[in-house]
Amino acid sequence: MTKVIFFGASSVAGEGASSPEKRFTSVASRALGWDEVNLGIGGTTVVGRDAAGQVVDENSGVGRVTDVLDIHPDLVVISSGGNDFGQARPLGAIEKLDR
């Protein structure tokens, strides 16, 4: 079975769904025969590093990358960034995002 991590904020966690079985990640996983691993945490952001590049928010997307890698998924679905936009958090200088 394909192990799929769903990674992101409240929409991934299931905010608005009437039950965990009805969140979009669970519905998609059942329909596609995937083994779902839900790593959604409401309110999280992508940005989580200071100007020196140090992780300052362990719950940010950046701070939780190792959580994803430690599981060794076959596929990762990322749905994030809405909270960054809503809080007007800069994602960084484009010239530094060359990797």
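Please refer to the structure higher up on the page.
In this report, the structure presented in the accompanying data block is examined.

Criteria and thresholds
- Residues numbered from 1 in each chain as written.
- Predicted model: local features only at pLDDT ≥ 70, side-chain atom pairs only at ≥ 80, totals over all residues.
- Heavy atoms only, no water.
- Salt bridge = Lys/Arg side-chain N within 4 Å of Asp/Glu carboxyl O.
- Helix = DSSP H or I, 4+ residues; strand = E, 2+ residues; numbered from the N terminus.
- Buried < 20%, exposed > 50% of the residue type's maximum accessible area, 1.4 Å probe, protein only.
- 1 Å grid on protein atoms, 1.4 Å probe; cavity = no way out; pocket = protein on both sides within 12 Å on 5 of 7 lines; lining within 4 Å.
- Points joined across faces, edges and corners; volume = space filled by probe spheres on them.
- Nonpolar A, V, L, I, M, F, W, Y, C, P; charged D, E, K, R; others polar.
- Arc of directions from axis to C-beta.
- Contact = heavy atoms within 4.5 Å.

**Considerations on the pattern of salt bridges**
Once their charged atoms are close, side chains differing in charge can pair, the charge on each being opposite to the other. Inspection of the entire model under this criterion finds one salt bridge. Note that Glu36 is salt-bridged to Arg23, the shortest N-O span being 3.4 Å. Placement of Glu36 in strand β2 (residues 35–40) and of Arg23 in the loop between α1 (10–13) and α2 (24–32) is noted, with a sequence separation of 13 residues between them. Overall, Arg23 belongs to the buried group, its relative accessible area being 17%.

**Let's talk about the layout of surface pockets**
Using a probe with the size of a water molecule, rolled over the atoms, empty space left in the structure can be pinpointed. There is about 160 Å³ of room inside the second largest pocket. In this structure, the second largest pocket is lined by Phe7, Val46, Gly61, Val65, Val68, Leu69, Val76, Ile78 and Ser80. Looking at the lining of the second largest pocket, the element that brings in the most residues is helix α3 (residues 65–71), giving three residues. A class-by-class count of the residues in the lining of the second largest pocket yields seven nonpolar, two polar and no charged.

**Brief notes about the environment of Arg64**
Considering the arrangement of structural elements, one finds Arg64 in the loop between β2 and α3. Sequence spacing of Arg64 and Leu39 is 25 residues, and the spatial spacing of their C-alpha atoms is 9.2 Å.

**Quick look at α2**
Those residues of α2 that fall on the buried side of the exposure criterion are Thr25, Ser26 and Ser29. Taken around the axis of α2, the buried residues stretch over an arc of 95°, which confines them to a single face. Turning to α2, the residues buried within the fold contact β1 (3–8), α1 and β2. Just downstream of α2 lies Gly33, where phi reads positive at about 70°.

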